[in-house]
Structures are given as structure tokens and as C-alpha cells.
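# Working through the structure, step by step
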Amino acid sequence: MTGPELVLVLAWIGAIVGPLVCVFLIRRLLRGRRIFIAAALALLVLVGWSLGVWAFMVEPNTLQVRHVAVESARWRGPPLRIGIISDTHVAAPHMDVARVREVVERMNAERPDIVVLLGDYAGGHEPADVRAAPERSEVLQGVEAFGAPRSPLGTFAVLGNHDSWFDDRATAAALARADASY
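A short tour of the structure in this document, coming up. (Residues numbered from 1 in each chain as written. Predicted model: local features only at pLDDT ≥ 70, side-chain atom pairs only at ≥ 80, totals over all residues. Heavy atoms only, no water.)

## Points about the overall build of the chain
What counts is decided by this rule: Helix and strand assignments follow DSSP, with helices taken as H or I runs no shorter than four residues and strands as E runs no shorter than two, numbered in order from the N terminus. Here the globule rule reads 2.2 Å times residues to the power 0.38, and the radius of gyration is calculated from C-alpha atoms. Whether a residue is buried, partly exposed or exposed follows from its accessible area with a 1.4 Å probe, protein chains only, as a fraction of its type maximum: under 20%, in between, or over 50%, in that order.
Within the chain, the regular secondary structure consists of five helices and three strands. In the chain, the succession of helices and strands from N to C terminus is α-α-β-α-β-α-β-α. Taking 2.2 N^0.38 as the reference for a compact globule, 182 residues should give roughly 16 Å; the C-alpha atoms of the chain span a radius of gyration of 22 Å, well beyond that estimate. Overall, the C-alpha framework of the chain stretches about 75 × 45 × 25 Å when taken along its three principal axes. Across the 182 residues in the chain, those meeting the buried criterion constitute 32%.

Shown next as C-alpha cells:
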């Protein structure tokens, strides 16, 4: 079981077992007539549990597309649609090559004139040489999936800190294979 899979398994265990343990503790506190402590614990656990469920199980499955109009008094050309993709963190929980392809397909549906990739393609903090071969391959395949954006003026990319931690040369080579200007 890889790191991202383990994180998701632990999140599910926490989501299921956490409330049960909380109920047990609160019942014990109520038997001892510690109502204020029981209520405070219940509230604290409820907030923490809700945030955890949202952070690990709901929010990662959402894709936000924002449309922002930027006007410049100096721009004399036709309007441009600029697509931006950032912080995909491939090989982290909730982000695999298939998900990157979904994001790119969604970007293509917006019909941008130019696409800008803002880095942090690799998930985690570990260098490539300490990762298992399948995980290294997944990260690089995820980076290469960014070759699919269709934009008449091109796709331009920069590396982020996670990419440098992973292997900046391998990431840049994958971007070159994806035909993204680096």
C-alpha cells in the first residue's frame, strides 16, 4: 500500500471509528456528571470530524472553475482566454493520472487561447530516487498528461517547489515531452 492509499484508508477509519469513540467517551463523562466537559468534547470532535471528512473526502473531488475578467488599458489586441492549472500534486491522495486527464479535458472545454501551468505537479516531499518505480512513473505520466491542453497560442509551464523536491530535470523533461514551453 502506497503512502496516498494509506492516507485515504486512515481517513476512512477515522471517519467511521472517530464518532464511535467519541460517543463512548461522552457517555462515560455523562455518567460522572461532567456535562460541560462532555459537551465541549462533543463539540470539538464534531468540528474536527466535519473538517476531516470535508478535507479528505469531499473537497478533493470538487473542481473549481473560476472566470475572472481582467482588463488592461494597454492591451490593444482581441480578448484572450487564459487557462491556468496549478498544484495538481500527482501521486498524492485523490490525484492520479486519470484525474489529471479529467482536469485537462475540463480546461479544453473552456477553449482557452493560452494555457499556463503553475507548477507543483508532483505530490509529496520525497525525491524521485527514494520513491517506488510505479509512483515515479505515475508522477511523470501525470506531467506528460499536460500535453493534451488545446490552446492556439501554446501551453507554458513553470516548476514548483514540489517538482524540485521530486526531480526538477525529470519533471522538465516530461513537460518537454508534453510539448509545454518551459
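## Some points on a nonpolar patch on the surface
Inclusion rule: Here, patches come from residues exposed beyond 30% relative accessible area and free of salt bridges, joined within 9 Å for like charges and within 5 Å for nonpolar side chains (Val, Leu, Ile, Met, Phe, Trp, Tyr). Reported accessibility uses the Shrake-Rupley method at a 1.4 Å probe radius. Residues are deemed covered only where the shown protein chains occlude them. For this analysis, a salt bridge means a side-chain nitrogen from Lys or Arg found within 4 Å of a carboxyl oxygen belonging to Asp or Glu.
On the surface, Leu-6, Val-9, Leu-10, Trp-12, Ile-13, Ile-16, Val-17, Leu-20, Val-21, Phe-24 and Leu-25 cluster together into a nonpolar patch covering about 1,000 Å² of accessible area. Tracing the sequence through the fold places Ile-13 in helix H1 (residues 3-31). What makes Ile-13 partly exposed here is its relative accessible area of 43%.

## Some remarks on helix H4 (residues 133-144)
For clarity, the cut-off: Given the number of residues in a helix, its expected span is that number minus one, multiplied by 1.5 Å. Here, residues are in contact when the closest pair of their heavy atoms is within 4.5 Å.
With twelve residues, H4 should cover 16 Å at 1.5 Å per step; its first-to-last C-alpha distance of 16 Å lies within 8% of that length. Buried residues along H4 sit against helix H3 (97-109) and helix H5 (161-177).

## Things to note about the pattern of salt bridges
Under the criterion given, the structure shown has six salt bridges. In this structure, the salt-bridge partner of Glu-110 is Arg-81, at a minimum N-O distance of 3.4 Å. A residue pair is termed long-range when its members are at least 10 positions apart, and Glu-110 in the loop between H3 and strand E2 (114-117) and Arg-81 in the loop between helix H2 (35-58) and strand E1 (82-85) qualify at 29 residues. Between Arg-99 and Glu-102 there is a salt bridge, with its nearest N and O atoms 3.5 Å apart. Residue Arg-99 and its partner Glu-102 are both found in helix H3; the two are separated by three residues, about one turn of the helix. Given the relative accessible area of 45%, Glu-102 is considered partly exposed. Through salt bridges with shared partners, a single network forms among Arg-81, Arg-106 and Glu-110.

## Section: the environment of Arg-111
Among the structural elements, Arg-111 can be located in the loop between H3 and E2. For the pair Arg-111 and Pro-149, spaced 38 residues apart in sequence, the C-alpha separation works out to 9.1 Å.

## Comments concerning the nonpolar core
Proteins that are soluble and globular tend to have nonpolar side chains buried together. So the rule is basically this: Take the buried residues of types Ala, Val, Leu, Ile, Met, Phe, Trp, Tyr and Cys, join any two whose side-chain atoms come within 4.5 Å, and each joined set is a nonpolar core.
Counting 23 residues, the largest nonpolar core has Ile-85, Val-100, Leu-117, Tyr-121, Phe-146, Phe-166 and Leu-175 as its most contacted members. Secondary structure elements with two or more residues in this core: H3, E2, H4 and H5. Residues in contact with Tyr-121, not counting those within four places in the same chain, are Thr-88, His-89, Val-90, Val-143, Phe-146, Ala-157, Val-158, Leu-159, Asp-163, Thr-171 and Leu-175.

## Concerning the packing of aromatic side chains
Operational definition: Two rings from Phe, Tyr or Trp (for Trp, the six-membered ring) form a pair when their centres are within 6.5 Å of each other. A pair whose planes differ by under 30 degrees is stacked, one over 60 is edge-to-face, and the rest are tilted.
Within the structure shown, the criterion is met by one aromatic pair. Each ring, one from Tyr-121 and one from Phe-146, has its centre 5.5 Å from the other, and the planes form 55°; the classification is tilted. One end of the pair, Tyr-121, is in the loop between E2 and H4; the other, Phe-146, is in the loop between H4 and strand E3 (155-157), with 25 residues separating them in the sequence. Overall, Tyr-121 belongs to the buried group, its relative accessible area being 1%. Taking the relative accessible area as the measure of exposure, Phe-146 reaches 1% and is therefore buried.

## Overview of the sheet that holds E1
Worth spelling out the cut-off: Pairs of strands are assigned from DSSP output, requiring at least two bridges between the strands. Angles here are taken between N-to-C directions and fall from 0 to 180 degrees, while the axes themselves are lines fitted to C-alpha atoms, restricted in helices to the stretch in contact.
If you trace the three strands from one edge of the open sheet to the other, you get E1-E2-E3, paired in parallel fashion. With partners counted over all chains shown, the strands left at the sheet margins are E1 and E3, one partner each. Each strand axis lies, on average, 20° off the axis of its neighbour in the sheet, ignoring direction. Of the strand pairs in this sheet, E2 and E3 are connected by three bridges, and their pairing is parallel. Looking at E3, one finds that Leu-117 is bridged to Ala-157.

## Observations regarding the side chain of Ser-151
Counted only if it meets this: Any pair of nitrogen or oxygen atoms within 3.5 Å is treated as a polar contact; in protein, a donor-acceptor pairing is required on top of that, and neighbouring residues in sequence qualify only through side-chain atoms on both sides.
In this structure, Ser-151 sits in the loop between H4 and E3. Side-chain polar atoms of Ser-151 contact the backbone oxygen of Gly-154, separated by 2.8 Å. Setting aside anything within four residues of it in sequence, one finds Ser-151 in contact with Pro-112, Asp-113, Ile-114 and Val-115.

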